[in-house]
Amino acid sequence: MASSTVEYAVGRNPEMGPAGTPVPSPLEPFDAPEPELGSQTMLVNVGPQHPATHGVLRLVVELDGETVVSVVPRLGYLHSSFEKLGEYRTWNQVVTLTDRMDYLAPLIYNCAYVMAVEKLMGIEVTERCKVARVICMEMDRIFSHLLWLGTWSIDVGAFTPFLYAFQQREKVYKLHEALTGARITTSATRIGGMMADFPEGWTRGVREFADNLPATLDEIDTLLTCNAIHIGRTQGIGAISAEEAVNHGLTGANLRASGVPYDVRKDRPYYDYESYDFEVPIGCHGDCYDRYLVRMEEMRQSVRLLHQALDRLPGGPMDVEDPRISLPSKTDCMSDMESMIHHFKLITEGIPAPAEDCWFSVEGSKGELGMYVVGDGGPKPVRWRIRPPSFVNLSAIPKLAEGHLMADLIMINASLDIVLGEIDR
Amino acid sequence: MPDKGSVASAPDFSTVASGPVRSRAEVPEREGPASVPPGNPTVTALWEQFPDGVLRNRVCAGDEDVVYIDPERVTEILGWLHETAGQQYDHLADVTAVDYGGGRPIEVVYQLWSIPHRAALRVKCELPLDALEIDSVTGIWVGADWLEREVYDLFGVTFQGHPDLRRILMPENYAEGHPLRKDFPLRGRFSRAEQTRRALTQDPEDYYMPGEIGERTPQVVGSGADGGDDAAGSGAGVGTEGGDDGL
Amino acid sequence: MGVDKPGVLGAGTPAFLTTRLDFVVNWARRNSLWPMPFGTACCAIEMMASAASNFDLARFGMERMSFSPRQADVLICAGRVPYKLAPVLRRIWDQMMQPKWCISMGACASSGGVFDVYSMVQGIDTIVPVDVYIPGCPPRPEGLIYGLMMVQEKIRGESLTRHGELRAEDPLAVGRPRADDQEVSDLTGPFGNSTQQNQVSGLVDTGAVGRPEDRLP
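Bear in mind that the values here come from a model prediction, so they are computed numbers and not experimental data. (Residues numbered from 1 in each chain as written. Chains lettered and ligands numbered in written order. Predicted model: local features only at pLDDT ≥ 70, side-chain atom pairs only at ≥ 80, totals over all residues.)

A.B. asks: Got a minute to help me understand the interface of chain A and chain C in this structure?
C.D. replies: The extent of an interface is frequently quoted as the accessible surface area lost upon association of the parts. Contacts between the two partners involve 32 residues from chain A and, on the opposite side, 32 residues from chain C. Among the elements of the structure, helix H1 (82–86) and helix H5 (160–180) of chain A are those that each provide at least two residues to the side of chain A that touches chain C. Considering only residue class, the side of chain A that touches chain C consists of 14 nonpolar, eleven polar and seven charged. (Contact = placed C-beta atoms within 7 Å. Helix = DSSP H or I, 4+ residues; strand = E, 2+ residues; numbered from the N terminus. Nonpolar A, V, L, I, M, F, W, Y, C, P; charged D, E, K, R; others polar.)

As structure tokens, this is what we get:
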């Protein structure tokens, strides 16, 4: 993998030295030996309904003064039993559940699920569908990272980037709506293809979005990247080494910020990702600031991918031409008895899957998103398991937050980019 | 545990699975090292290293190697996969379980990935329903902690040696069983009225378990269920339970 | 003294107005509703979108999201509520000061939505009283704004003389379910086809236990 290093001109910050090293603030705390007073630690509860926990996460924090001694996350406040519900649905009906799980990047979940099922069934989708799904997934990677950027900046104390990010998100909302009719709960994929082909002019809209996004990213870059407050609150906070990050199971930007170049798109390529020209940004400190930089760069790389995918989008059918999988067209159903029966049988009986199991993982916006599907020969899953990236990422928070201040805990939590719908499922 | 039904009612397999798709029994399984495909050196090495620990292996979904191992030796074999120079499965992607229903054993599934070698392996252990116990792999991968807790919560599989095996998604006092078992009804075992009543009678402050913090008994300060910014107003206020003797 | 100064309608008019007390109080209340955003899932994202520039909830006097229930006027329950979260929701509702209103945003909060499962509250109206239900999965930001405007309409019709009647709360009911057992089973009865389906189609019929009153012995 070709690698290049990007130097950030952090030296222009008045509080930064010329080499980009932080200059100690004159307001360093007076370093005197503290008198032995004998103190107790105390428990502080954060959440489950708290603006800084990004959902209904609950953290029970043990504090010594303002220093975090230990953090115990409590989960399950959004346990919606997706996996159990999936066992009562046919393979295609499960698609509607996937986007309610990660409502920040619904299309990635839609695609990941059907890709796993297609692999289980041995279906090869059309070239157009492959590129279409790449467009959808990269668009939603940006979509998710923009929300992370907005909430991250609120946590760091800046409200303006939130508004900037949401203006761009609103454009993706409109693209979602034009594609599927829904703003968040897209359910855009079907086994063997997509819900529908792209509407007229939709790719033009994506192109326009990809053209305009870097300007917004530059604006937010100006506001945050070299901001002294931002740097002071994130550099050196929540650092984790590469070995520990791998051992904790971290994936996605959280792992890459520690310097491990593990990206499913590069390491286990799907949908011809190996033929796209893009780079995987990695950090070298593994702290919150590096996670921020990695995600900012990932958005720019996703823009590159969007342009390339739009350039190569081939014509032809979107769905596989297999009557056992694909529905007949609506026009045929309305005018032709056989097509109507075909439609009826496919909908009521579902598509059978072989009695095997299949693991398929994609690079989601939060990390490695794995789908494990087990079939038993019938049209419903025996087991549908999601490998939730933010669930595993969050499990490292006790390790990351130990010894930091309470305020840093909020930044560490924000830097992990969690979504509770996926953690609790 | 109220999950005895799955053992009692053995299903009649003769009346089902008559469709065009292969049933589970017909999937060819390779029973020895002689039939191991040349594609995956890890599987060959496992057969050589643990001839009695590896039970069988198969290939699923085209290119996914699945190895069934003896549950007794899970830490030994997975530790070997993690440590050995040629294998280095350093990324534990997933730990989960599958209940096939009908009294069949529950499978615990480990999904491994080797970042240096770019290789995947799926390891499965079959646990009979009357002995749902297996050794924890948290000593090998710290990341297995919550994944195993989730399997314990939703399937009732006990992981021996796990540092903190408690329910993680369902409430601590959940009395209806393990939801992802096949014999667990979708809407739960209790009526909705009972579920609502039970939900509201649980006290959010019960969840403060100083034991899980460690041996210390800390001072409880804010305990509101509604978040830190209104912690003092939410009922408990400042408590001094624990006292000085814990320090 | 007030005669020389221009009044509310311009120079020469008196510097006072006569009106009904109810009107003034309701006017003040409905134009500075402070929402308590109880956001859990997808709907919370749409609630954030409503607060951002494109939809700008601030136009209706609701820009001050009050994350503390003590200062909030209207609880927006946005998203699905599992049983584990139910006591939290109830506690936040009990912590809010009167007068208070509640919006159930989205299908999951209103009825459980697609989640007719063991872990989900089938409609938050079994837990807290709800004033406005907003349909949608999730509702668009316009839907949320319309729902808040319906709360404003509701406030317009309230009267201080009926305060005790409209805002009565039984102190013994704090922390209890809002609905009694019969009402809960009426409200949460299975509908649609999701619960009528078998679990696994191929090999095993697992036979879900019949509803609704089955209990463990």
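A.B. asks: I would appreciate a short explanation of the pairing of strand S3 (residues 67–74) of chain A in the present structure.
C.D. replies: Across a regular strand the side chains alternate sides, sitting on one face of the sheet and then on the other. All names here are of chain A. Looking at chain direction, strand S2 (residues 58–64) and S3 are connected through seven bridges and run antiparallel. Looking across to S3, one finds that Glu-62 is bridged to Ser-70. Hairpin connection from S2 to S3: two residues lie between these consecutive antiparallel strands, with Gly-65 at a positive phi of about 65°. (Pairing = 2+ DSSP bridges.)

A.B. asks: Please explain helix H5 (residues 192–201) of chain B as it appears in this structure.
C.D. replies: Given 3.6 residues per helical turn, the α-helix brings residues three or four places apart onto the same face. Every buried residue belonging to H5(B) is among B:Arg192, B:Ala193, B:Gln195, B:Thr196, B:Ala199 and B:Leu200, and all of these are buried. Seen end-on, H5(B) carries its buried residues on one side only, within an arc spanning 165°. If you follow the buried residues of H5(B), they end up packed against helix H3 (86–95) and helix H7 (181–188) of chain C. (Buried ≥ 20, exposed ≤ 12 C-beta atoms within 10 Å, placed from the backbone. Arc of directions from axis to C-beta.)

A.B. asks: What is the right way to look at the sheet that holds strand S6 (residues 357–363) of chain A in this model?
C.D. replies: Two orientations exist for strands paired in a sheet by backbone hydrogen bonds: parallel and antiparallel. Residue and element names in this part refer to chain A. Read across the sheet, three strands follow the order S6-S7-S8 without closing on themselves; strand pairing throughout is antiparallel. The strands lining the two open edges of the sheet, one partner per strand, are S6 and strand S8 (383–387). Shown here is a sheet whose adjacent strand axes are inclined to one another by a mean of 15°, direction ignored. The pairing of S6 with strand S7 (residues 368–374) spans seven bridges and is classified as antiparallel. (Axes fitted to C-alpha atoms, helices over the stretch in contact; angles between N-to-C directions.)

A.B. asks: What's the story with the confidence of the model for chain C in this structure? I'm lost.
C.D. replies: Residue and element names in this part refer to chain C. Looking at chain C as a whole, its pLDDT mean stands at 78, while 83% of the residues score no less than 70. The low-confidence segment residues 192–196 (pLDDT under 50) makes six contacts with residues lying over four places distant or belonging to another chain. Both scores are available for the predicted complex, with the pTM at 0.83 and the ipTM at 0.85. (pLDDT = per-residue confidence, 0-100.)

A.B. asks: Hey, could you run me through H3(C) in this one?
C.D. replies: Within H3(C), nine of the ten residues are buried, which leaves it mostly tucked inside the rest of the structure. Those residues of H3(C) that fall on the buried side of the exposure criterion are C:Ala86, C:Pro87, C:Val88, C:Leu89, C:Arg90, C:Arg91, C:Ile92, C:Trp93 and C:Gln95. Where H3(C) is buried, its residues meet H5 of chain B together with strand S1 (35–39), strand S2 (74–78) and strand S3 (101–105) of chain C.

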